[in-house]
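# Observations on chain architecture
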Amino acid sequence: MITRKRPVAAVCALLAAFTAGLAFPAGAAAGEPTDRNAPKVDLVLDVSGSMRARDIDGQSRMAAAKQAFNEVLDATPEEVELGIRTLGADYPGDDRKRGCKDTAQLYPVGPLDRTEAKAAVATLAPTGWTPIGPALLKAADDLDGGDGSKRIVLISDGEDTCAPLDPCEVAREISAKGIGLTIDTLGLVPTAKMSRQLSCIAEATGGSYTSVEHQDELTDRVNQLVDRAADPVVTPVPVEGAAECAGAPALKSGLYTDREEFGQPRWYRVDVLPGQELRASVSVAADRAVNPGYGVLLRAVTVHGREIVRGEAAGHGRTDVISTGLRYPEPERDDADSDKPAAETVCLAVTHSFSAASGVKTTPGLPLELTVDVVDGPSRAGDVASFGLGRGWWLLGALILGGFLAGLVWGWLSRWRVAVWRTN
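Residues numbered from 1 in each chain as written. Predicted model: local features only at pLDDT ≥ 70, side-chain atom pairs only at ≥ 80, totals over all residues. Heavy atoms only, no water.

### Describing a negative patch on the surface
- Among the surface-exposed residues, D57, E71, E213, D216, E217 and D220 lie close enough to one another that they form a single negatively charged patch.
- The biggest single contributor to the negative patch is helix α8 (residues 215-229), with three residues.
- Among the structural elements, D220 can be located in helix α8. (Patch = residues over 30% accessible without salt bridge, like charges linked within 9 Å, V, L, I, M, F, W, Y side chains within 5 Å. Areas by Shrake-Rupley, 256 points an atom, 1.4 Å probe, with all protein chains shown as cover. Salt bridge = Lys/Arg side-chain N within 4 Å of Asp/Glu carboxyl O. Lys, Arg positive; Asp, Glu negative; His and termini not counted. Charge placed at Lys NZ, Arg CZ, Asp CG, Glu CD. Helix = DSSP H or I, 4+ residues; strand = E, 2+ residues; numbered from the N terminus.)

### Some words on a nonpolar patch on the surface
- There is a patch of nonpolar side chains on the surface, built from V409, W410, W412, L413, W416 and V420 and spanning about 680 Å² of accessible area.
- For L413, the location among the structural elements is in helix α10 (residues 393-423).
- A relative accessible area of 33% places L413 in the partly exposed class. (Buried < 20%, exposed > 50% of the residue type's maximum accessible area, 1.4 Å probe, protein only.)

### As for the pairing of strand β2 (residues 81-87)
- Most of β2 is tucked away: seven of the seven residues are buried.
- Burial along β2 is two-sided: E81, G83, R85 and L87 facing one way and L82, I84 and T86 facing the other are all buried.
- Summarising the sheet, β2 and strand β3 (residues 103-110) pair through five bridges and their orientation is antiparallel. The residue of β3 that forms the bridge with R85 is Q105. (Pairing = 2+ DSSP bridges.)

### What to know about the packing of helix α6 (residues 167-176) against helix α7 (residues 192-204)
- Where α6 contacts α7, the two axes come as close as 8 Å, and the packing angle between them is 5°. It follows that α6 is roughly parallel to α7 by the angle criterion. From α6, P167, C168, A171, R172 and S175 reach across to α7, where they touch Q197, C200, I201 and A204.
- Looking at the contact of α6 with α7 residue by residue, the class counts come to six nonpolar, two polar and one charged. (Axes fitted to C-alpha atoms, helices over the stretch in contact; angles between N-to-C directions. Parallel < 35°, antiparallel > 145°, perpendicular 65-115°, else oblique. Contact = heavy atoms within 4.5 Å. Nonpolar A, V, L, I, M, F, W, Y, C, P; charged D, E, K, R; others polar.)

### Overview of the sheet that holds strand β11 (residues 276-285)
- Taken in spatial order, the five strands make up an open sheet running β7-β9-β16-β11-β14, and their pairing is mixed. Only two strands of the sheet have a single partner each, and these edge strands are β7 (237-238) and β14 (321-329).
- As defined by bridge partners, β11 adjoins strand β16 (residues 366-376) across nine bridges and the pair is classed as antiparallel. Along β16, the bridge assignment pairs R279 with D373.

### What to know about the sheet that holds strand β8 (residues 250-251)
- Strand order in the open sheet formed by five strands is β8-β10-β15-β12-β13, with mixed pairing between adjacent strands. Looking along the sheet, the strands with just one partner apiece sit at the ends: β8 and β13 (307-315).
- Inspection of the sheet shows β8 paired to strand β10 (residues 266-272) by two bridges, in the parallel sense. Bridge pairing in β10 places A250 opposite R269.

### Some points on the nonpolar core
- The biggest cluster of nonpolar side chains holds 32 residues, and the ones touching the most others in it are L43, L45, I155, L186, L218 and V226.
- In terms of residues, this core owes the most to one element, helix α2 (residues 61-75), which gives seven residues.
- Setting aside anything within four residues of it in sequence, one finds L43 in contact with F69, L82, G83, I84, R85, V153, V222 and V226.
- One finds Y256, L278, A280 and I322 within the second-largest nonpolar core, a separate group that totals 27 residues. (Core = buried A, V, L, I, M, F, W, Y, C linked by side-chain atoms within 4.5 Å.)

### What to know about the pairing of strand β9 (residues 254-260)
- Of all seven residues that make up β9, five are buried, and the element is covered over most of its length.
- Looking at chain direction, β7 and β9 are connected through two bridges and run parallel. Each residue of the ladder has a partner; that of P238, found in β9, is T257.
- Where β9 and β16 come together, seven bridges link them in antiparallel fashion. Paired with E260 across the two strands is L366, which belongs to β16.

### A look at the side chain of R85
- Along the chain, the position of R85 falls in strand β2.
- Here Q105 takes part through its side chain, which lies 3.2 Å from a polar atom of the side chain of R85.
- Excluding anything up to four places from it in sequence, R85 contacts D42, L43, V44, L45, T103, A104, Q105, L106, A135, K138, A139 and D142. (Polar contact = N/O pair within 3.5 Å; in protein donor to acceptor, adjacent residues only side chain to side chain.)

### Re the state of the cysteines
- Using the criterion set out here, one finds three disulfides in the structure.
- Paired through a disulfide, C168 and C200 show a sulfur-sulfur distance of 1.6 Å. Here the S-S torsion is close to -50°, and the disulfide linking C168 with C200 is therefore left-handed. Here C168, found in helix α6, pairs with C200, found in helix α7; they are 32 residues apart in sequence, far enough to count as distant. (Disulfide = S-S within 2.5 Å.)

### As for the packing of aromatic side chains
- One pass over the structure, following the stated rule, counts one aromatic pair.
- Relative to F354, the ring of Y294 has its centre 4.3 Å away and its plane inclined at 20°; by these criteria the two rings are stacked. Residue Y294 is found in strand β12 (residues 294-302), and its partner F354 is found in the loop between β15 (344-352) and β16; the two are separated by 60 residues along the sequence.
- Given the relative accessible area of 5%, Y294 is considered buried.
- According to the relative accessible area criterion, F354 is buried, its value standing at 3%. (Phe/Tyr/Trp six-rings, centres within 6.5 Å; stacked < 30°, edge-to-face > 60°.)

What follows is the structure, given as structure tokens:
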């Protein structure tokens, strides 16, 4: 009896497996996009009472925004998960406490049903307050999770009306979390004060600010930002630099993000094998008001404190981001050096001279991005460091010699002409 039941059990198992295969399709094949790495965009629209103003191509700001949204929804790439959040869309009263909580998810972030999303947008009518700060906090939660790019696109026609929750400070807090979220802002017929606030929000997360006064400008810009979310991006890895080289974190090739306090250097360590070249660059952003006149210094130093090479840059208030870089080739090892360690540890020190303006918070520190790339060095690593010119010093020498000879010939011709003129 036992031997007869085994074939029956095997057949039942096969039938069960076949049925399960029909009921639960196989997961995505390797390389196919998944929900975890899908790019996500949350469109945050101001629906406050001021959106009734009719100053965009003869129509109201709300009508222009609706038309732009409909065109953007039609053009959204299939791989982008898109959501829509509103602020000031529901509460029309004068209670500030209630008005500053007026933000809601109109369409959840996820695979886009264009018909459903358009129907939701069609129901909007200008209503209440402008709680930009609370809306940004909620939008960051809407995009929580996953490894793909995350982008908030904020469209507003006025500054926040819910201080002291400063939306610029909210954007800095979002940036400090290191979740790779970018906020882009668009100002509809903006005032100078509104432009400053929306610019500050965007700059705090590495986003962009755009002033909009026509409906086609709004459509084109939102389309560009949604399409940009679908582009492959590299998310910086959060790292915490040390106050000295001895305790610095060891980095490999990649993109890193950190925050550097005012007047305090940050140290990192990179191992470079013989025949390899270290290429490093750093960017420091002023995400708050700073005094004019500042600089950034990136140094490569040995573990014994000897400086190898440096890169530096200076600014005078015309830009909010300042960058510099350096290269260091590790020469090939001779047989006589076989007793030395296999790799040289290079310490990277980042120092900036930004100073906070009066009354501005100094914590957290300024955001910095550090790029580290360790590649195979040139065939003759020593040539790269020759006068900072590499093999180009041959060309420089030839130009100097040519200029010297040309000067001699020109001087001789000039003296000859003067002599002839005197004789005649």
